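Observations on chain architecture
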Amino acid sequence: MTLMAETVTESAPGFYLMRTDRGFVVHMCACAEHLQRLRDMTGTTLKLAGVGQEAVESAQLVASELVGNAVRACGDLVPLVVELGAEKSCVSVKVHDPEPNRMPRRRLTALDDEDAETGRGFGLIDLLSPGWQTRITPVGKQIICRVPATDPCTTNATTVKE
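Residues numbered from 1 in each chain as written. Predicted model: local features only at pLDDT ≥ 70, side-chain atom pairs only at ≥ 80, totals over all residues. Heavy atoms only, no water.

Turning to its location among the elements, Ser64 is positioned in helix α2 (residues 53-74). A relative accessible area of 14% places Ser64 in the buried class. Ser64 has contacts with Leu35 and Arg39, leaving out every residue within four places of it along the chain. (Helix = DSSP H or I, 4+ residues; strand = E, 2+ residues; numbered from the N terminus. Buried < 20%, exposed > 50% of the residue type's maximum accessible area, 1.4 Å probe, protein only. Contact = heavy atoms within 4.5 Å.)

Given below as structure tokens:
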């Protein structure tokens, strides 16, 4: 993702936004208000970038699931960095949290299980973002998803250590 020559920044307590040419980077403390703002910004940003409605909704869901998983791994108000970018054939969604030892894992919960209250998140991410990755970083981990806008962007979920 390339930053514009003049990056536009916006901030509020616990929420620091840097807009890029086709996306944004936000440093945020995870809470319901910030998650809603993230979802709204994702929709607006991607629509302005010319991304189709189905990919917009998928990117919103993927971002929400990743933030929710970070909260489950690290607790409320965890500091996160969320990056979003409209690329040629996909939407890139990256969520960085400070906990490298709590890796994402798939549960055996069926996606169509009407009684399940949890456990379907990474099953959904597998469907919406084939080939998502986890990267261990010096300060935690980053989950990288690419939501296809037209054609699949990647294949096979992997873990990469930097």
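Now for the environment of Pro98. Following the sequence through the fold, Pro98 ends up in the loop between β5 (90-97) and α3 (121-128). Residue class for Pro98 comes out partly exposed when judged on its relative accessible area of 38%. Ignoring sequence-local partners within four residues, the contact set of Pro98 consists of Cys74, Val78, Pro79, Val139 and Gly140.

Quick look at the nonpolar core now. In summary, soluble globular proteins display a tendency toward joint burial of nonpolar side chains. Residues Leu66 and Val93 are the most contacted members of the largest nonpolar core, which totals 33 residues. When residues of this core are traced back to their parent elements, those giving at least two are β2 (15-20), β3 (23-29), α1 (32-48), α2, β4 (79-86), β5, α3 and β7 (140-148). Ranked by residue count, the leading element in this core is α2, at eight residues. (Core = buried A, V, L, I, M, F, W, Y, C linked by side-chain atoms within 4.5 Å.)

A large share of β5 lies buried, amounting to eight of its eight residues. Taking every second residue as pointing to the same face, both faces of β5 are buried, with Cys90, Ser92, Lys94 and His96 on one and Val91, Val93, Val95 and Asp97 on the other. Counting the residues in the hairpin turn of β4 and β5 gives three residues. Taken together, the eight bridges between β5 and β7 define a ladder with antiparallel strand orientation. (Pairing = 2+ DSSP bridges.)

A rise of 1.5 Å per residue sets the reference length of α2, with its 22 residues, at 32 Å; its end C-alpha atoms lie 31 Å apart and thus fit the reference within 8%. Positioned one or two residues after α2, Gly75 has a phi angle of 105°, which is positive. (Expected span 1.5 Å × (residues − 1).)

With that settled, the discussion passes to the confidence of the model for the protein. On average, residues of the protein score 83 in pLDDT, and 76% of them are at 70 or above. Every residue in residues 1-6 scores below 50 in pLDDT, and together they form 12 contacts with partners more than four places removed in sequence or on other chains. Below a pLDDT of 50 lies the segment residues 154-162, which in the model reaches 24 contacts outside its immediate sequence neighbourhood of four places, other chains included. (pLDDT = per-residue confidence, 0-100.)

Once that is clear, we can look at the environment of Gly14. Looking at where Gly14 falls in the secondary structure, it is placed in the loop between β1 (8-12) and β2. Taking the C-alpha atoms as reference points, Gly14 and Cys31, separated by 17 residues in sequence, lie 9.3 Å from one another. When residues no more than four places from it in sequence are discounted, the contact partners of Gly14 are His27, Met28, Cys29 and His34.

Here we come to the pattern of salt bridges. Enumeration over the complete set of coordinates arrives at one salt bridge. In this structure, Asp97 and Lys141 form a salt bridge, with 3.0 Å as the shortest nitrogen-oxygen distance. Highlighted residues: Asp97 in strand β5 and Lys141 in strand β7, separated in sequence by 44 residues. Comparing Asp97 with Lys141, the two get one shared label, buried. (Salt bridge = Lys/Arg side-chain N within 4 Å of Asp/Glu carboxyl O.)

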